[in-house]
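Structure at a glance
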Amino acid sequence: MTQERRKIAFCASLVCMTCAGTLYLFGAYAQALQQKRSLSQTALNLIASSGGFGQYLSGPVWGKLSDTYDRQKLCAAAGVFLLAGYLGLAMGYASDLVPVPALALAYALIGLGSSGLFNASLSTSVKNYDEREHGFAVGVPVAFFGLSAFIFSQLQRLFIVGSQASDNAPAGSVDIFSFLCFVGAVTGGGAMAGATFLYDCSASLRRRGLSQDGIEAGIITSPTTDASTRIESVSLVSTPVLPTASGEQSPLIDNQSNQADPLLEQPSIFAQQDAYLLFAAFILLTGTGLMYINNVGAIVIALIPKSTPTATIQATQRLHVGLISICNCLGRVVTGLGSDRLMHQFKLTRLVGLVAGGGMITAALLWGMLGLYDGHAVSQLIPVTLLLGFGYGSIFSAAPAIVGRWFGVQRFGANWGWFQWAPAIGGQVCNLVFGLYVDAARRAGGELECHGTVCFTGAFWLAFCGCCASVGVLLALNQMRGGWIVTRSADV
């Protein structure tokens, strides 16, 4: 029965992760929202950054609640946030009476609900599976999180208006109002499904582990054996030992200090220089990724010929949103599995995955600055999208593993929660810079929309310099910790 409940909970976590990743869908409808409400690019990016604030700044709180509170109730609360956020965004799209700060608040609610679903479902998967199965239990749900935008961007086709135009969409384009209501209903419903089926099977897993320890230790008990004696025997026999420097064997867990709180023994992340360097590099890399993800719709409009029909523009935007989502998913899976293989076979540190992801993002920006030409750039933009999407997924796959190994698994929830502030800060700064460049170019051209590579080249150059600096910091950090070859367990 426990195995069946665990399988059901795992499937529920996949649904929750799919619903939690819709924040990356923004590029599929951002330009329609901008045109409908006559927003500046800076105002549009303020809305986009609000979603990042809601998702990432709430990470420490949701992480702590996922460890101490009923995760099914957390999913239900996240569903309410998602439904309210998407309905508010839909109303703001349809009505000019809704001010920009209200649109930003609605998108922040979407980010808040996404973070709640992500943390609750990920925590459940981790706790429901043994450590030997965590690669599967974590990797597959996180991959669905990255694939979410692709799934919903394809469902957007269902809302293309026919030959009869409506108040919310011209003929042949997407009815954004109906689509946003649909996404809100689906994500809210998915969260409620998670609240119903996201079972916690961790207690039975602990009992099974205790039973297996007793069997492996050769302990045979009788009905008359004292219970305290049996527990003491399992504890003593199953304690692993490690060789000391003198060649003697010592227990991995000191029985004399078993009563100590491991959280008190683990140094705070704020007292470690490596944490600040890693955080700084993570800010610029994630901020650049979010800048491109949130503004890919504007980039498409800047590069596509002015006479292109609205339906074709939206189809091109959906294509790039889908490509980002697929590559984001692949980057998370490939980097996670690849870092395991490199570590076990070649003893290479997991920092390799983070440096590789940063290198891909940097290469994507370089291609975007040097390889795009006005009038012929839409097809040339595809390699930029593929590289950046894969690199973004890679850094989000490598960073949590590094944080857990370098700074301790006991405080992982809190530590990774603080690291989630990096995308919020980086995304806000990079989105603001991009918006200022686009608005300045648009005013100089005297048009409602900005066209040409001049719209974003300046922002790409600044982001490129930041990414080069981030990769340099990671390389220096690698040398500080002894190089690419693992020499201590904490560098794995």
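Refer to the structure printed above.
Remember, predicted model here, so these are calculated numbers, not experimental data.

This brings us to the overall build of the chain. When helices and strands are counted, the chain shows 18 helices and 2 strands. Scored against the burial criterion, the 492 residues of the chain give a buried share of 50%. Of all intrachain contacts in the chain linking residues separated by at least 6 positions in sequence, the fraction that spans at least 24 positions is 80%. Of the roughly 21,600 Å² of accessible surface on the chain, 65% is carried by carbon and sulfur atoms.

Here we come to the packing of aromatic side chains. Taken as a whole and judged by the stated rule, the model has 19 aromatic pairs. Consider the rings of Phe-118 and Phe-145, whose centres lie 5.0 Å apart with planes at 65 degrees: the pair is edge-to-face. Highlighted residues: Phe-118 in helix α6 (residues 100–128) and Phe-145 in helix α7 (residues 134–155), separated in sequence by 27 residues. Phe-118 gets classed as buried once you look at its relative accessible area, which sits at 13%. For the pair Phe-159 and Phe-182, a centre-to-centre distance of 5.1 Å together with 50 degrees between the ring planes defines the contact as tilted.

Our focus in this paragraph is the packing of helix α13 (residues 310–346) against helix α15 (residues 381–407). Relative orientation of the contacting elements α13 and α15 amounts to 40 degrees, with a least axis distance of 7 Å. Looking at the two axes, α13 sits oblique to α15. For the pair α13 and α15, the sense of crossing is right-handed. Between α13 and α15, the contacting residues are Leu-319, His-320, Leu-323, Ile-324, Cys-327, Asn-328, Leu-330, Gly-331, Arg-332, Val-334, Thr-335 and Gly-336 on the first element and Leu-381, Ile-382, Thr-385, Leu-386, Gly-389, Phe-390, Tyr-392, Gly-393, Ser-394, Phe-396, Ser-397 and Ala-398 on the second. When grouped by side-chain class, the residues that make up the contact of α13 with α15 number 13 nonpolar, 10 polar and 1 charged.

So, about helix α4 (residues 59–68). Looking at α4, one finds that the buried residues are Gly-59, Pro-60, Trp-62, Gly-63 and Ser-66. Down the axis, α4 shows its buried residues gathered within 165 degrees of arc, on one side only. For α4, the exposed residues set more than 90 degrees away from the buried face come down to Val-61, Lys-64 and Thr-68.

On to the side chain of Thr-316, then. When you line up the elements, Thr-316 lands in helix α13. Sequence-distant contacts of Thr-316, that is, excluding residues within four places in its chain, are made with Val-300, Ile-304 and Val-378.

So, about the state of the cysteines. What we call a disulfide is simply a covalent bond connecting the sulfur atoms of a pair of cysteines. As enumerated under the stated definition, the model contains 1 disulfide in all. The disulfide partner of Cys-450 is Cys-455, and the S-S distance across this bridge is 1.9 Å. Handedness here is read from the sign of the S-S torsion; for Cys-450 and Cys-455, about -105 degrees, the answer is left-handed. Since its relative accessible area comes to 2%, Cys-455 is described here as buried. Free of any disulfide, Cys-467 has its nearest cysteine sulfur in Cys-468, 7.2 Å distant.

Mapped onto the elements of the fold, Gln-156 is located in the loop between α7 and α8 (176–197). If sequence neighbours within four positions are ignored, Gln-156 has contacts with Ala-28, Tyr-29, Val-174, Ile-176, Phe-179 and Arg-318.

Backbone geometry at Ser-38 places phi at a positive 55 degrees, although glycine is not the residue there. Examined against the element boundaries, Ser-38 turns out to sit in the loop between α2 (30–37) and α3 (41–57). Ser-38 sits in the exposed class, given a relative accessible area of 61%.

Time to look at the packing of helix α5 (residues 71–94) against α8. Two elements in contact, α5 and α8, have axes separated by 7 Å at closest approach and are oriented at 175 degrees. Between α5 and α8, the angle falls in the class roughly antiparallel.

This part is about the pattern of salt bridges. Summed over the entire model, instances satisfying the criterion amount to 3 salt bridges. Put simply, Asp-274 and Arg-481 hold a salt bridge, and the shortest N to O gap is 2.3 Å. Placement of Asp-274 in helix α12 (residues 273–303) and of Arg-481 in the segment after α18 (457–480) is noted, with a sequence separation of 207 residues between them. Each member of the pair Asp-274 and Arg-481 is classed as buried. When the shortest N-O distance is used, the salt bridge between Arg-442 and Asp-439 registers 2.7 Å. Here Arg-442 and its partner Asp-439 are both found in helix α17 (residues 421–445), 3 residues apart, which amounts to about one turn of the helix. Comparing Arg-442 with Asp-439, the two get one shared label, buried.

Parameters and conventions
Residues numbered from 1 in each chain as written. Predicted model: local features only at pLDDT ≥ 70, side-chain atom pairs only at ≥ 80, totals over all residues. Heavy atoms only, no water. Helix = DSSP H or I, 4+ residues; strand = E, 2+ residues; numbered from the N terminus. Buried < 20%, exposed > 50% of the residue type's maximum accessible area, 1.4 Å probe, protein only. Contact = heavy atoms within 4.5 Å. Areas by Shrake-Rupley, 256 points an atom, 1.4 Å probe, with all protein chains shown as cover. Phe/Tyr/Trp six-rings, centres within 6.5 Å; stacked < 30°, edge-to-face > 60°. Axes fitted to C-alpha atoms, helices over the stretch in contact; angles between N-to-C directions. Parallel < 35°, antiparallel > 145°, perpendicular 65-115°, else oblique. Left-handed = near helix turned anticlockwise from the far one by under 90°. Nonpolar A, V, L, I, M, F, W, Y, C, P; charged D, E, K, R; others polar. Arc of directions from axis to C-beta. Disulfide = S-S within 2.5 Å. Salt bridge = Lys/Arg side-chain N within 4 Å of Asp/Glu carboxyl O.

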